[in-house]
Amino acid sequence: MADIRETGVLSAAKNSIQSFGSRLTRKKFIDTDVMETNLRRCLNTADITMLAIGHMIGSGVYVLTATVAKSMAGPAIVIAFLFSGFASFLAALCYAELGVRYPRSGSAYSYTYLALGELWAFLVGWNVALEHVIGAAAISRACSAYIDSLAGGVIKNATENMMGGAFHVPFVSERLDFLAFGILILFTVCLSFGVRMTSHLNNVFSVANMVVIVTIICVGAYFSNTANWTNPNTGGFMPFGWSGVLAASASCFYAYVGFDSIASSGEEARDPQKSIPRATMISMGIATATYVAVATVLTLMVNYTELHDDSGLPDALAENGAHWAKVVVIIGAVSGMATGIIGSLFALTRVVYVMADDGLLFAFCSNVNARTKIPLGAMYVFASLSALMTLTLDVNTLVEVMSIGTLFAYLVVSASVIVLRYRPEMGPKVDSQELSSLGELPEKLDDSGAGQLRERFRALGVYMGWCPGSRLVTMCVMCFVISTFVLCGFVMGCGDSIAEGSWWAIIVLVLVLLCVISSFVLILMHQQSNAPLRYKVPLVPLIPALSIVVNAVLIVNLKAATWLRLLIWVAVGLSMYLTYGVGHSKLDASSPESTLLKRGSSQPTTWGSLEREPSFDAERKAEKQPKSEPPPFQQSLSREFLVDNVDMSP
């Protein structure tokens, strides 16, 4: 009797664990109408391109270039920008395909939800939110410094006198930056008036910024001196070696995070399938060329050892006699940083809105203003957090956390492209509007054999029967990512032993390389989905795999303190997800709302505690069509997704 009772307890525990694991790995799949949205679709290709350019070409030009050149790379910052630009471009290609496939506001978060499941999606979304919170704070602080420089340091001195001197506390700013706080609040208020206001404001500042940057490049080229690249007393062109270039590349990723604004604007683009790929290519090309050109003229005008961290460009021009150019640069810097703040707040608001709309964050963050079609709750809460950070914290110590969070998101998005390419296109059953069908496997929409072995490799299927279909591809992607991280970490940590030819180092290196190559080859042996898309990443899985490798190389070159700060942020996010998000997710079939629906309640309550407002686009269409009463389920559940919680793979 005791044995039976013990067996029952073990069985119940096993079922509970499996059920909980299923909830963590449940995925969305795309419904037929991904264009329906609560937001206003009013942005064209030019608007989205300018939004991305404004977000990317801001404080990175005026602050990051001088800081990284002086402390990490020297004149070789030109190579660092090229390398990080190449890595960002690979990730941008992956973002573009997923943006065409699923044009929603969540960016990397939404894409991960489709490919890898809810837990990974939350981690990516939480890190992307951190990226933009810190980004807005850091840019506001830099903008304040430039304005104070134009005023001759009056604001800084007045603040320190009022506070009785500077603070000397770890991670806390030496002084309270009230100007940066006010700048961030001002832009938050401006963005509250709607996406068209945001776009117009961004376009004005972006044009002013680009005019100033062209001026900087022309004037800097006139004062260039090649001796600053070849001076042996300061180490020549690459004084910190290749390790410095790689470390600088990881930090320079901060300069390219703005193209994420393109994906975040997918729900407000008129024709996202056309606009997102075009805007991605144009903005990435312009941003990379701009950063390389500015880094080149800056390190040719002044020796990198003489650069000033806070105001490298204006001081370099002033030292060469172009005092008038210093004023122009400060005006351009303020314009560029304004676009950076706008881009950060724009992307931050959309990511938080989608996470809250899915039930993973608090419900009030998904409230969309009826007039402006802006999720004001999400904007005000997280913009306030960013404003408090810029007021009190030493933002420079947190900027590297942005880089690791961004790299992590890029890596997951690249892996998601591979997973989705080898997964059969799924769709709802005929009765998919019934909640009871949510736990069932959706029907396949394409018969291309996606995820199955290619014809020439079918004979190997007898050895792979334990892991059929696209699940093996998902496991191979996981193996590829893990082994790539191990390989990069091993080469960095044991590079001397490998160079010396130590037998154990060579054996470990070969074994890890075999894992990387074999997992990639196994992916190649499977068929891809032939579902039509208006844009696809070329040479899949090669380009996403290259993106994964480059991101892994840059991540392992970040400092240990950066990893520690990221782990703290992730721990906070996980505690929030496990205590709130799991139970309130719209995909949670065990929620009280779904129970009422299953029992046939005539008045179903809100799904996941979120009431979804009528779509803005749907309202316009409804004016031209006769009204019909939607089924009760459709009133409470967003039609943009259903769930497939049968696939337990991550």
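Because the structure is a prediction, the values reported are computed rather than measured.

### Observations regarding the overall build of the chain
What the chain contains, in helices and strands, is 25 helices and four strands. Across the 650 residues that make up the chain, the buried fraction comes to 57%. Taking as baseline every contact in the chain between residues at least 6 positions apart, the subset at least 24 positions apart corresponds to 84%. With the model as given, the accessible surface of the chain reaches about 26300 Å², and the carbon-plus-sulfur share is 66%.

### Considerations on the packing of aromatic side chains
Each aromatic ring pair is characterised by the separation of its centres together with the angle its planes make. One pass over the full model with this rule turns up 17 aromatic pairs. Considering the side-chain rings of Tyr 222 and Phe 223, the 5.1 Å spacing of their centres and the 80° angle between planes classify their relative orientation as edge-to-face. Note on Phe 223: relative accessible area 22%, which makes it partly exposed.

### Some remarks on the pattern of salt bridges
Here the structure, examined in full by the defined rule, presents eight salt bridges. In this structure, Arg 26 and Glu 118 form a salt bridge, with 2.9 Å as the shortest nitrogen-oxygen distance. Linking Arg 26 in the loop between helix H1 (2-25) and strand S1 (27-30) with Glu 118 in helix H6 (residues 118-150), this pair joins segments that are 92 residues apart in sequence. Each member of the pair Arg 26 and Glu 118 is classed as buried. Between Arg 350 and Glu 268 there is a salt bridge, with the nearest N and O atoms lying 2.8 Å from each other.

### Some details on a nonpolar patch on the surface
A cluster of nonpolar side chains, contributed by Trp 503, Trp 504, Ile 506, Ile 507, Val 508, Val 510, Leu 511 and Leu 514, occupies part of the molecular surface with about 770 Å² of accessible area. Secondary-structure assignment places Trp 504 in helix H20 (residues 503-524).

### Remarks on the nonpolar core
Ranked by internal contacts, the top residues of the largest apolar core, which has 173 residues, are Tyr 62, Phe 81, Tyr 95, Phe 259 and Met 337. A per-element tally of this core places helix H15 (residues 323-357) first, with 17 residues. Among all residues touching Phe 81, those that are not within four sequence positions of it are Thr 65, Cys 252, Ala 255, Tyr 256, Tyr 291, Val 292 and Ala 295.

### Some remarks on the environment of Ser 206
Here Ser 206 shows up in helix H9 (residues 195-222). Residue class for Ser 206 comes out buried when judged on its relative accessible area of 1%. Between the alpha carbons of Ser 206 and Ile 57 there is a distance of 8.5 Å; along the sequence they are 149 residues apart. For Ser 206, the residues in contact, after removing those within four places along its chain, are Met 50, Gly 54 and Thr 339.

### Describing the side chain of Thr 65
By the element assignment, Thr 65 lies in helix H3 (residues 59-73). For Thr 65, the side chain forms a polar contact with the main-chain oxygen of Val 61, separated by 3.1 Å.

### Regarding the confidence of the model for the chain
Confidence in the prediction of the chain, expressed as mean pLDDT, is 78, and 78% of residues score 70 or more. Confidence, expressed as mean pLDDT per element, reaches its minimum in the chain at helix H25 (residues 632-636) with 38 and its maximum at H20 with 93. Predicted confidence is poor over residues 626-650, with pLDDT under 50, and the contacts of this stretch with residues over four places away or in other chains come to 79 contacts.

### Digging into helix H5 (residues 108-115)
Within H5, eight of the eight residues are buried, which leaves the element mostly enclosed by the surrounding structure. Buried residues of H5: Ala 108, Tyr 109, Ser 110, Tyr 111, Thr 112, Tyr 113, Leu 114 and Ala 115, and no others. Note on H5: the residue one or two positions beyond its end, Gly 117, has a positive phi of about 115°.

### Describing the environment of Ile 523
Summarising the element assignment, Ile 523 is placed in helix H20. Placed 104 residues apart in sequence, Ile 523 and Val 419 show a C-alpha to C-alpha distance of 9.6 Å. With residues near it in sequence (within four places) discarded, Ile 523 still touches Ile 418, Tyr 422, Val 473, Cys 476, Val 477 and Pro 541.

### Observations concerning the side chain of Lys 586
Residue position: Lys 586 is located in the loop between helix H22 (560-584) and helix H23 (592-598). Residue classification places Lys 586 among the buried residues on the basis of a relative accessible area of 1%. At 2.9 Å, the side chain of Lys 586 forms a polar contact with the backbone oxygen of Asp 357.

### What about H20?
Helix length check: H20, at 22 residues, gives a terminal C-alpha distance of 32 Å against a target of 32 Å (1.5 Å per residue), a fit within 8%. Listed as buried for H20 are Ala 505, Leu 509, Val 512, Val 516, Ser 519, Phe 520 and Ile 523. Down the axis of H20, the sector holding all buried residues measures 100°, keeping them to one side. Across from the buried face of H20, at angles greater than 90 degrees, the exposed residues are Trp 503, Leu 511 and Ile 517.

### Looking at the packing of helix H13 (residues 272-301) against helix H14 (residues 312-319)
Contact pair H13 / H14: the axes reach a minimum separation of 10 Å and the direction vectors enclose 45°. By the angle between their axes, H13 is oblique relative to H14. Where H13 crosses over H14, the two elements pack in a sense that is left-handed. Listed contacts from H14 to Val 294, Leu 298 and Met 301 of H13 are Gly 312, Leu 313, Ala 316 and Leu 317. Looking at the contact of H13 with H14, its residues break down into six nonpolar, one polar and no charged.

### Observations concerning the packing of helix H2 (residues 45-56) against H13
The interhelical angle for the contact between H2 and H13, taken along N-to-C directions, is 35°, at an axis separation of 9 Å. As H2 runs across H13, the sense of the crossing is right-handed. Residues Thr 45, Ile 48, Thr 49, Ala 52, Ile 53 and Met 56 of H2 touch H13, and the partners they reach there are Lys 274, Ser 275, Arg 278, Ala 279, Ile 282, Ser 283, Met 284, Ile 286, Ala 287 and Tyr 291. For the contact of H2 with H13, the residue count by class is 10 nonpolar, four polar and two charged.

### With respect to unusual backbone geometry
Both trends apply: most residues other than glycine have a negative phi, and most peptide bonds are in trans. Here the bond from Val 540 into Pro 541 is cis, since omega is 10°, no more than 30 degrees from zero. Its place among the elements puts Pro 541 in the loop between H20 and helix H21 (542-556). In the Ramachandran plot, Lys 373 falls in the positive-phi region, its phi being about 60° despite a non-glycine side chain. Note that Lys 373 resides in the loop between H15 and helix H16 (376-392). Residues other than glycine seldom take positive phi values, yet Leu 539 does so here, at roughly 55°. The topology assignment puts Leu 539 in the loop between H20 and H21. Since its relative accessible area comes to 59%, Leu 539 is described here as exposed.

### Focus on the environment of Ser 497
Within the fold, Ser 497 resides in helix H19 (residues 495-500). Exposure remark for Ser 497: the relative accessible area of 19% places this residue in the buried category. In this structure, Ser 497 is in contact with Ser 502, Trp 504 and Ala 505, ignoring residues within four places of it in sequence.

Parameters and conventions
Residues numbered from 1 in each chain as written. Predicted model: local features only at pLDDT ≥ 70, side-chain atom pairs only at ≥ 80, totals over all residues. Heavy atoms only, no water. Helix = DSSP H or I, 4+ residues; strand = E, 2+ residues; numbered from the N terminus. Buried < 20%, exposed > 50% of the residue type's maximum accessible area, 1.4 Å probe, protein only. Contact = heavy atoms within 4.5 Å. Areas by Shrake-Rupley, 256 points an atom, 1.4 Å probe, with all protein chains shown as cover. Phe/Tyr/Trp six-rings, centres within 6.5 Å; stacked < 30°, edge-to-face > 60°. Salt bridge = Lys/Arg side-chain N within 4 Å of Asp/Glu carboxyl O. Patch = residues over 30% accessible without salt bridge, like charges linked within 9 Å, V, L, I, M, F, W, Y side chains within 5 Å. Core = buried A, V, L, I, M, F, W, Y, C linked by side-chain atoms within 4.5 Å. Polar contact = N/O pair within 3.5 Å; in protein donor to acceptor, adjacent residues only side chain to side chain. pLDDT = per-residue confidence, 0-100. Expected span 1.5 Å × (residues − 1). Arc of directions from axis to C-beta. Axes fitted to C-alpha atoms, helices over the stretch in contact; angles between N-to-C directions. Parallel < 35°, antiparallel > 145°, perpendicular 65-115°, else oblique. Left-handed = near helix turned anticlockwise from the far one by under 90°. Nonpolar A, V, L, I, M, F, W, Y, C, P; charged D, E, K, R; others polar.

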